[in-house]
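Residue-level structural notes
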Amino acid sequence: MQTNFTDAQMADPKIERANEILRSCVHCGFCTATCPTYQVLGDELDSPRGRIYLIKDMLENNRVPDAQTVKHIDRCLSCLACMTTCPSGVHYMHLVDHAREYIEENYNRPLFDRAMRAVLAQILPYEKPVSYTHLTLPTIYSV
């Protein structure tokens, strides 16, 4: 894939790495066959190839991510099935991780999304699942 990053942008090691990854994509579309979000939704922008186009546009133009771009990138499950089928060896995981970092720095999520992410960040990192066994439910029937 042809890229058009400026020399100033290429001074950033993250952009330089993203450029390498973007240039390795040949648009073959093999990734779409294994992408679960593309298989379910059928939208090209919900495939790795579509997300690569969105990420390229966002990074090249130093564009503030819009809600549509964020939606499609957030839908990536990070299962990396696309990487197993890519004949060009595109390191999609590094590219999507960079895009997510860029989005977090440059996009103001709606309040509900920020609150939900904060709650999930507190719950998910723990090995032991949250226990609700200490809660008692009202007894409907007495024996």
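Criteria and thresholds
Residues numbered from 1 in each chain as written. Predicted model: local features only at pLDDT ≥ 70, side-chain atom pairs only at ≥ 80, totals over all residues. Heavy atoms only, no water. Axes fitted to C-alpha atoms, helices over the stretch in contact; angles between N-to-C directions. Helix = DSSP H or I, 4+ residues; strand = E, 2+ residues; numbered from the N terminus. Parallel < 35°, antiparallel > 145°, perpendicular 65-115°, else oblique. Left-handed = near helix turned anticlockwise from the far one by under 90°. Contact = heavy atoms within 4.5 Å. Nonpolar A, V, L, I, M, F, W, Y, C, P; charged D, E, K, R; others polar. Salt bridge = Lys/Arg side-chain N within 4 Å of Asp/Glu carboxyl O. Buried < 20%, exposed > 50% of the residue type's maximum accessible area, 1.4 Å probe, protein only.

Bringing the packing of helix H4 (residues 48-60) against helix H7 (residues 92-106) into the picture now. At their nearest, the axes of H4 and H7 sit 11 Å apart, and the two run at 45° to each other. By the criterion of interaxial angle, the relationship of H4 to H7 is oblique. Both H4 and H7 take part in a crossing whose hand is left-handed. Seen from H4, the contacting residues are Pro48, Arg51, Ile52, Ile55, Met58 and Leu59; seen from H7, they are Tyr92, Leu95, Val96, His98, Ala99, Tyr102 and Ile103. Partitioning the contact of H4 with H7 into residue classes produces eleven nonpolar, one polar and one charged.

Side-chain pairs of opposite charge can arise whenever the charged atoms involved come near each other. The tally for this structure, following the rule as stated, stands at eleven salt bridges. The partner of Arg75 in a salt bridge is Asp46, with the nearest N and O atoms 2.7 Å apart. Linking Arg75 in the loop between helix H5 (67-74) and helix H6 (81-85) with Asp46 in the loop between helix H3 (36-41) and H4, this pair joins segments that are 29 residues apart in sequence. Of the residues examined, Arg75 reaches a relative accessible area of 30% and is grouped as partly exposed. By relative accessible area, Asp46 is classed as buried at 0%.

Everything listed here is a matter of geometry and, on its own, says nothing about what the molecule does.
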